[in-house]
Structures are given as C-alpha cells and as structure tokens.
Amino acid sequence: MSRIAVMGAGAWGTALALSLWRRGGHQIALWAHSPAVAATIRGTGENKLFLPGFAVPGEITVSSDVAEALAGAEIILSAMPSRHVRASYASFAAHLHAGQILVSATKGIEDGTLLRMSEVIAQVLAARNLSLPVAVLSGPSFAQELAAGAPTAVTIACSDTGVASLLQQEFGSGSLRLYTNDDVVGVELGGALKNVIALAAGVVAGLELGHNSAAALITRGIAETTRLAVACGGRRETLAGLSGMGDLILTCTGSLSRNRSVGIQLGRGATLADALAGLNGKVAEGVSTAFAALGLAERYGVEMPITSQVVAILKGERSPLAAIEELMARPGRDE
Ligand SMILES: NC(=O)c1ccc[n+]([C@@H]2O[C@H](COP(=O)([O-])OP(=O)(O)OC[C@H]3O[C@@H](n4cnc5c(N)ncnc54)[C@H](O)[C@@H]3O)[C@@H](O)[C@H]2O)c1
Ligand SMILES: O=P(O)(O)OC[C@H](O)CO
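Source: prediction; values computed, not measured.

A. How the structure looks around the side chain of Glu110. Positionally, Glu110 belongs in the loop between β7 (101-104) and α5 (117-126). Within the structure, Glu110 has its side chain in polar contact with the side chain of Arg86 (distance 2.8 Å). Excluding anything up to four places from it in sequence, Glu110 contacts Arg86, Leu115, Met117, Val120 and Ala292.

The structure is reproduced here in structure tokens:
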C-alpha cells in the first residue's frame with residue numbers, strides 16, 4: 001500500500017486521483033490550491049468546477065492544506081497548470097524529504113526561463129538542498145475519459161529506469177497502461193509542444209478548411225516539434241510515441257481539447273481574450289507554450305513555421321487566414 005499525494009485538483013489531478021483510487025491498493029490524498037474547490041469536493045463528492053459528473057469517493061482525502069496532503073506521502077504526483085508549478089513546489093518543499101518520488105503530469109514550458117517542468121521542480125528543490133527523483137507522466141489522455149475508466153495509455157519517463165518501472169506498476173490498472181521511457185526531454189517536450197499544434201489545428205477547423213489541411217498540419221506539426229525536441233536533447237523515436245504523435249493526434253482531432261477549442265474560436269474571428277474567456281478558468285497551455293517554444297527554437301536555431309504563425313495569430317499581428325496563406329507560400333522543400 002503506497003500513500004500517493006495528488007497535488008492539483010483541476011480536471012487532470014482529479015481524474016488521476018480517481019484512476020489511482022479505482023486501481024486499489026493506495027491511499028490517495030488530493031490537494032486543491034483553492035480552499036473553495038476543496039470544500040466543494042468534500043461537501044458534494046464532486047469537483048463541480050473542473051471535472052463535473054464524476055463522483056469523488058470519501059476515501060480520497062481532499063484538502064487545501066499542503067502539510068496535510070503531503071503527510072506520509074511516498075509518491076507525489078503533481079498536475080497543476082505550468083504557470084503555478086514553481087510557486088507550488090516552493091510551498092511543498094518544506095514538507096518533502098529523501099525517499100519520496102515526484103511525478104509531474106503538467107504539460108508546459110516555463111515562461112522566461114524556457115525550462116521544462118521537471119527542470120523547474122529540480123531547480124526549486126536544489127535551492128533548498130533537496131534532490132529527489134522527478135518522473136514525467138504524459139500522453140494522449142483527456143481527463144474526462146480517464147475519469148470514466150476508458151482505456152488510456154501514457155508514457156512514464158524518468159532518467160532512473162528503476163523509478164519508471166516502479167511507477168508503471170504503482171499506477172497501472174485495467175484502464176491505465178503505462179509505457180516506460182528514459183527520455184525525459186523528449187516525453188516532456190512532446191507533451192508540451194503538441195498543445196501549440198492543437199491551437200493551429202483548431203484554427204484550421206474554425207476556418208472550415210477541411211481534412212486535407214488538418215492532416216497536413218498534424219504531420220508537419222510532428223516534424224517541427226521533433227526537430228526542436230531533438231535539438232534540446234530528446235530522441236526522435238520518443239516523438240513518434242504516445243507523448244509525441246499520440247498526444248498530437250488526440251489533441252488536434254479531439255473535441256474535448258481546450259487548446260483546439262481556443263484555436264477554433266480564433267479561426268472563427270474571436271479575439272484571444274474572448275476565446276480564453278470561453279474556457280471559464282480552465283487552462284489552454286498552448287497559448288504560453290507557443291511563445292516559449294519559439295524562444296527555444298531561436299536558442300537552438302530550429303525552424304518552426306507553424307509555431308511562428310501561431311504566435312503571430314496570438315499576438316494579433318496576423319489573421320488566421322493570412323497565417324495559413326503564409327504557410328502555403330513558403331519555398332518548396334524536401335519532406
Ligand atoms: N485536463 C486534461 O484533460 C489534461 C490531461 C493531461 C494533462 N493535462 C495538464 O495538466 C495540467 C493541469 O490542467 P487541468 O486540466 O487539471 O487544469 P484545469 O483547466 O482544470 O484548471 C485548473 C484551475 O485551477 C487553478 N489552479 C490549479 N492549481 C493551482 C495552483 N497551484 N495555484 C493557483 N491556481 C491553481 C488554475 O489557475 C486553473 O483555473 C496542465 O498542464 C494540462 O495541460 C490536462
Ligand atoms: O484539453 P487540452 O487541449 O489541454 O488537452 C488535454 C490533454 O493534454 C490531452 O492529452
């Protein structure tokens with residue numbers, strides 16, 4: 001029996017907590033940043049704001065108190081939006097100790113520093129003389145479908161292969177299958193960068209450009225995200241896996257994707273502010289990741305035409321249609 005603290009009670013943290021609880025054999029604590037969200041889950045047995053329609057059983061202890069959530073935890077699985085990871089781990093650090101395993105399920109790249117989430121976490125811990133293994137969980141996984149128990153497969157990445165194998169066993173169940181990988185860079189960047197391409201796929205859908213355009217975007221999207229991930233030290237084959245092509249296909253085609261839905265609104269002519277307002281507080285990581293990805297692309301001298309056009313649209317510098325026209329007018333090249 002392991003005690004697992006799931007830190008972050010948005011849609012994804014809540015779905016992961018439910019999946020681990022259903023698996024059995026663990027004590028699960030769920031931490032919400034917001035006391036109001038924690039109180040609602042405890043009071044109604046449901047995360048009405050972020051994952052409505054799924055009962056959260058009383059056996060999952062829910063709290064907004066960090067010390068309470070982390071008490072006795074052997075595995076700490078975090079799932080908050082990327083912009084909150086640094087501050088969240090700064091508040092967790094005093095309650096962490098050697099022997100624990102950290103797992104990041106956040107998909108994003110930090111603004112400004114251009115660090116991956118596992119790097120942000122390691123940096124926060126290092127400032128406090130702490131060094132714990134940090135694994136990454138990523139792959140094609142809509143929270144609502146995992147919460148419903150639909151068969152889902154993801155990657156669990158850690159440079160320590162023993163830790164990845166342990167997590168594969170501790171998290172795996174009849175509805176959640178995990179594949180291990182030691183390429184943390186590739187897995188983490190695959191999960192973050194697909195959100196940018198999903199915004200572009202939404203734009204194509206919002207403009208009603210059809211299936212040819214969508215397929216072209218997914219295929220050329222994996223080409224440019226792979227170029228960047230490889231330049232950053234990831235492996236090409238990782239980007240062909242669940243946390244690369246797998247998540248790209250899901251997010252570019254799935255109607256549950258928040259990133260794709262923001263892109264659809266932009267394609268239909270909405271402003272970014274209006275498109276984001278439609279999410280009612282839910283996160284579309286691709287918006288900030290697009291800028292960070294372009295920063296990394298400039299650092300490593302990697303060409304990312306789709307990401308560049310997404311940034312131009314997000315800045316309001318180019319209309320969605322003009323962005324697609326620019327992509328089509330690029331000089332011919334080999335595949
Ligand atoms: N929802 C999914 O289907 C899914 C699946 C896989 C990965 N993810 C990833 O998980 C991460 C979390 O996404 P989500 O869907 O659970 O979020 P969400 O859209 O449900 O929103 C969470 C909300 O809680 C707030 N919040 C959460 N933690 C906070 C903190 N520590 N400090 C301040 N505010 C906080 C956020 O501002 C936001 O309003 C993202 O990186 C996302 O890409 C999501
Ligand atoms: O709803 P999205 O666009 O944030 O995507 C959710 C997950 O990352 C899909 O794997």
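More follows now that the structure is in view.
B. Focus on the UniProt feature "binding site: NAD(+)" (unreviewed entry) in the chain. The feature "binding site: NAD(+)" (unreviewed entry), as annotated in UniProt, sits at Gly8, Ala9, Gly10, Ala11, Trp12, Gly13, Ala143, Arg258 and Lys282 in this numbering. With respect to the helices and strands, Trp12 occurs in helix α1 (residues 11-23). Setting aside residues no more than four positions away along its own chain, Trp12 makes contact with Ala79, Ala105, Leu137, Ser141, Phe142, Ala143 and Leu146.

C. Broad picture of the side chain of Ser2. Considering the arrangement of structural elements, one finds Ser2 in strand β1 (residues 2-7). Given the relative accessible area of 12%, Ser2 is considered buried. A polar atom in the side chain of Ser2 sits 2.8 Å from the side chain of Glu170. With residues up to four places along the chain from it excluded, the contact list for Ser2 reads Gly25, His26, Gln27, Glu74 and Glu170.

D. Fine view of unusual backbone geometry. For Glu208, which is not glycine, the phi dihedral falls at a positive 55°. Tracing the backbone shows Glu208 in the loop between α8 (184-206) and α9 (211-231). At Asn280, a position not held by glycine, the phi torsion is positive, near 50°. One can find Asn280 in the loop between α13 (272-277) and α14 (286-300). A residue is classified by how much of its surface remains accessible, and Asn280, at 59% relative accessible area, is exposed.

The rules behind these values
Residues numbered from 1 in each chain as written. Chains lettered and ligands numbered in written order. Predicted model: local features only at pLDDT ≥ 70, side-chain atom pairs only at ≥ 80, totals over all residues. Heavy atoms only, no water. Helix = DSSP H or I, 4+ residues; strand = E, 2+ residues; numbered from the N terminus. Polar contact = N/O pair within 3.5 Å; in protein donor to acceptor, adjacent residues only side chain to side chain. Contact = heavy atoms within 4.5 Å. UniProt positions renumbered as here; feature names shortened; annotations may be inferred. Buried < 20%, exposed > 50% of the residue type's maximum accessible area, 1.4 Å probe, protein only.

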